[in-house]
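So you can see what is in the structure, the chains are spelled out below.
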Amino acid sequence: MDKKLNFDNFLIFDGAMGTMLQASGMKGGELAERYNLEKPEVISGIHRAYLAAGAEVITTNTFSANRFKLAEAGLDLAEVIGAAVAIARQAAGQRLVALDIGPLGRLMEPYGNLSFEAAYEAFAEQIRLGQAAGADLILIETMSDLYEAKAAILAARENAELPVFCTMTFQADGRTLTGADPLTVVNVLQSLGVTALGINCSLGPKEILPLVRTVLKFAQVPVIVQPNAGLPQLIGEKTIYQIMPAEFAAYGKEMAMAGVGILGGCCGTTPDHIKALKEAVGGLKPVERKVPRLTAASSATTTVALGGEIKIIGERLNPSGKKRLKEALREGDLDYLLREAVDQRDNGAHILDVNVGLPEIDEKTVMVKVIKEIQGVINLPLQIDSVRPEVIEAAVRICNGRPIINSVNGEEKAMAAILPTAKKYGCLVVALTMDEKGIPPTAEERLRIAERIINKAAAYGLPKEDIIVDCLVLTASAQQREVQETIKAVRLVKEKLGVKTTLGVSNVSFGLPARPLLNRTFLAAALAAGLDAPIMNPLDAEMRDTVRAFNVLWNHDRESRDFIKAYSTPEEKPALHPRRERKDLKTLIIAGLKEEAAAVVRDLLKAEKGLAIVDHYLIPALDLVGERYEKGELFLPQLIQAAETVKRAFAVIKEDLRKEAGPAAAVSKGKIVIATVKGDVHDIGKNIVKLLLENYGFTVYALGKDVPSAVIVEKVREEQAALVGLSALMTTTVRNMAEALTALRHACPEVKIMVGGAVLNEDYAQRIGADFYGKDAREAVKIAEMVYREKN
């Protein structure tokens, strides 16, 4: 199907389906996909209107057509998708039909209960049906979670032979809901092999233009942008989008001139918007972009690019020579591993190497479990370290982000086993300069092996920027002459091959006294030769000092800012972070270490009252996390993890209170009713709000999604709640929120009402008469505390 895609000219997609369905009479909250079966002529008419406006690609009416949402509506998935593709196919003629894949509407692990495997299967089901029905390409759109996007892309690439486009939606802070920035989105998506990537929905075209420019700066593949026509406004009883076709088209032209090659519309756009857009770019040709490749690894939220400033790869999650870590792996003590990961992050590691290889454990099962746990509390990229290809594949498959594989070597068998996995999952690869004959004694021979691996990787479709060469450190105690050859090999690899390098630095001192002295001396020599990413112990303060000093001397730390900040006074000299005291409860909460936090609470209860622990430890920790979240220092995953940790700690306190005061004992700051309004089937945001409110001591009655106004009113009356929260994510249901608010005002005039959701803003909240606009879970807590403070 790729032959149908011509990126030499602009490719124009259609606009909003929901907006057009509303204009055709669809009521707020109706499931749009039902129209495929019951009113196919309406769907066909919308497709034909967009085609008449100049759209070259129309998207099927299947945004919510997944096993979860359709099961709730009592619809058959195969029937809905088959009908949707058939309607679009008949209307499109020779133009293209994109199978529309939206989010599943559930929060993924570790923050929700949807596993990566379950998400994959749900997407795969949709994709197989769509391809069989005759779709030309797959559009994975409006994704706010990079992990969910990865599951969808893998499902598309493994279950269909169609081009895959993927677009993410961003918030006003320039990140996705789960905290990914544009660079991280690009680095992960394009490494997974998408045909095109970009941004849709989000905000209006003006607001997303800076994000688009960042995407263009790093994207190697064509970029697609489908903005909203602004955010909705309630005018009378109608939901109106403010940006008219001419203004929308002007921004579209600006994006086209910046390098965007694929354009369309999202919420609020109509055939008139698409017609204006088509005319605006009619006399233009796509800009030829020259984008330099990065050697960059990513977590779910953070990207670390090698080159320039030295990047530290933490070595401590490797059982070799570590008795306590071996014990933890045998006993399944994941909290110990998480503590090691947190300590390395807090002491300056940029990337964490993860190795769980012990012969007496099921390495694959343990590795997958450890990766899931670590990426739940740490926002650093991971390096998957194993000698077993099946362990590596299992780990990189479920790893959230773009990991590094450690490692491949020059043996044909090893390259055949590892390089296809690296290509499939978009990984960087550490290339060891050894082969069937072992580690060569000379630098020149190691260079030849590195070159051989790079050439073989290219044959598998991996550019040299995806290869990180490890020239291998030998012990000075046994192979003293070869130590200099390693330094020489690093220099040769940098000069001749132009790739990034890594070394396991501490190997050099094995078997000798004064190991730290040898390690840091060797590190300095290796850095001067061209080492980019030492694998080292970040808790070694003197090793970190060496890296910091080198960054100054090699002009990586511009104007010596970091160095001056660290060493301007003796008191500010960086010191090794002490290992956490067991009773540092606030730190454990911020780190997201649930079980250890629960154990600390049990110890504290021997000397302190439960409510005192809540006031002195739990709430201050959540406040600190909230403040850092507002400043953009932490993101939604960390906020949820901290809340989950407090929830675990609070459960221990509640149990203690019940023992002390009996079943009637309760701790509550006040009652709050929350619900997603009638017709809206999204509740991820509401569930996050519930979690955080409960951890601040409120009793929350969550009524679920698609809740009639009468049910909300009844619950507010029953509980005599002082605050109610209403949520809506769909543009088709914002009107229902206004109706629910009117019902509450009539039946419960004393109750305060806060509203929230992706399609809302402060202005809309005021227009419908809400008391508060809760832009996120943190704001909802502030509102709740203010309401009950004034009430009491």
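## As for the overall build of the chain
Each helix and strand in the chain was counted, giving 30 helices and 25 strands. Over its C-alpha atoms the chain spans a radius of gyration of 28 Å, differing by no more than 12% from the 28 Å that the globule rule assigns to 792 residues. Oriented by its inertia axes, the alpha-carbon framework of the chain measures out at about 85 × 75 × 50 Å. Expressed as a percentage of the 792 residues in the chain, the buried residues total 60%. Positive and negative side-chain charges of the chain, numbering 97 and 101 respectively, have mean locations separated by a distance of 1 Å.

## Remarks on the confidence of the model for the chain
Of the residues in the chain, 95% reach a pLDDT of 70 or more, and the chain-wide mean stands at 91. Per-residue pLDDT stays below 50 along residues 574-582; that stretch engages in 26 contacts with residues further than four places along the chain or on separate chains.

## Thoughts on the packing of helix 9 (residues 205-218) against helix 10 (residues 245-258)
As a packed pair, helix 9 and helix 10 sit with axes 10 Å apart at the nearest point and diverge in direction by 10°. For the element pair helix 9 / helix 10, the angle class is roughly parallel. Residues Pro205, Lys206, Ile208, Leu209, Val212, Arg213 and Leu216 of helix 9 lie in contact with helix 10, whose contacting residues are Phe248, Tyr251, Glu254, Met255 and Ala258.

## Considerations on the domain arrangement of the chain
You can read the domains of the chain as domain 1 (17-222), domain 2 (308-554 + 563-567), domain 3 (582-664) and domain 4 (668-791). Inter-centroid distance (C-alpha atoms) of domain 2 to domain 4 is 49 Å.

## Brief notes about the side chain of Thr486
You can see Thr486 is positioned in helix 18 (residues 480-497). A distance of 2.8 Å separates the side chain of Thr486 from the backbone oxygen of Leu472, its partner in a polar contact. Those residues in contact with Thr486 that sit more than four places away from it in its chain are Arg446, Cys471, Leu472, Val473, Leu474, Leu503 and Phe522.

## A short note on the pairing of strand 24 (residues 752-756)
Put simply, side chains in a regular strand alternate between the two faces of the sheet. The buried fraction of strand 24 amounts to four of the five residues, a majority that puts the element mostly inside the structure. Here strand 23 (residues 723-727) pairs with strand 24 via five bridges, running parallel. Note on strand 24: the bridge partner recorded for Leu726 is Val755. As judged from the two bridges shared by strand 24 and strand 25 (residues 772-773), these two strands associate in the parallel manner. Along strand 25, the bridge assignment pairs Val755 with Tyr773.

## Details of helix 15 (residues 389-398)
The element helix 15 is extensively covered by neighbouring structure, given that seven of its ten residues are classed as buried. The set of residues buried in helix 15 consists of Val391, Ile392, Ala394, Ala395, Val396, Arg397 and Ile398. Where helix 15 is buried, its residues meet helix 6 (116-133), helix 7 (146-159), helix 14 (363-377), strand 15 (382-385), strand 16 (404-408) and helix 16 (412-425).

## Description of unusual backbone geometry
Residue Pro110 follows Glu109 across a cis peptide bond; omega there is 5°. Between Asn406 and the following residue, Ser407, the backbone shows a cis peptide bond with an omega angle of 25°. One non-glycine residue, Thr142, adopts positive backbone phi at about 55°. Position of Thr142 relative to the elements: it lies in strand 4 (residues 137-143). A positive phi angle, close to 55°, is found at Ser560, a residue other than glycine. Tracing the backbone shows Ser560 in the loop between helix 20 (541-553) and helix 21 (561-567).

## Here we look at the sheet that holds strand 19 (residues 500-504)
Spatially, 13-14-15-16-17-18-19-20 is the arrangement adopted by the eight strands of the closed barrel, whose pairing is parallel. Ignoring which end each strand starts from, the neighbouring axes of this sheet average 25° apart. Note: strand 17 (residues 428-432) against strand 18 (residues 467-470), four bridges, orientation parallel. For Ala431, the partnering residue across the bridge sits in strand 18 and is Val469. Against the sheet, helix 14 contacts strand 13 (313-317), strand 14 (351-354) and strand 15, and its axis sits at roughly 170° relative to strand 15. On the sheet, helix 16 packs against strand 16 and strand 17 and is oriented at approximately 165° with respect to strand 16.

## Quick look at the environment of Ala78
Relative to the assigned elements, Ala78 resides in helix 5 (residues 77-92). Sequence separation between Ala78 and Val499 is 421 residues, and the spatial gap between their C-alpha atoms is 48 Å.

## Concerning the sheet that holds strand 3 (residues 96-101)
The strands that make up a sheet are held in pairs by hydrogen bonds between backbone atoms, and each pair lies either parallel or antiparallel. With respect to topology, eight strands assemble into an open sheet ordered 1-10-7-6-5-4-3-2, the strand pairing being parallel. The outermost strands of the open sheet, each flanked by one partner alone, are strand 1 (11-12) and strand 2 (57-59). Looking at chain direction, strand 2 and strand 3 are connected through three bridges and run parallel. Within strand 3, the position partnered with Val57 by the bridge is Leu96.

Cut-offs applied
Residues numbered from 1 in each chain as written. Predicted model: local features only at pLDDT ≥ 70, side-chain atom pairs only at ≥ 80, totals over all residues. Heavy atoms only, no water. Helix = DSSP H or I, 4+ residues; strand = E, 2+ residues; numbered from the N terminus. Rg over C-alpha atoms; globule rule 2.2 N^0.38 Å. Buried < 20%, exposed > 50% of the residue type's maximum accessible area, 1.4 Å probe, protein only. Lys, Arg positive; Asp, Glu negative; His and termini not counted. Charge placed at Lys NZ, Arg CZ, Asp CG, Glu CD. pLDDT = per-residue confidence, 0-100. Contact = heavy atoms within 4.5 Å. Axes fitted to C-alpha atoms, helices over the stretch in contact; angles between N-to-C directions. Parallel < 35°, antiparallel > 145°, perpendicular 65-115°, else oblique. Domains from an automatic or database assignment. Polar contact = N/O pair within 3.5 Å; in protein donor to acceptor, adjacent residues only side chain to side chain. Pairing = 2+ DSSP bridges.

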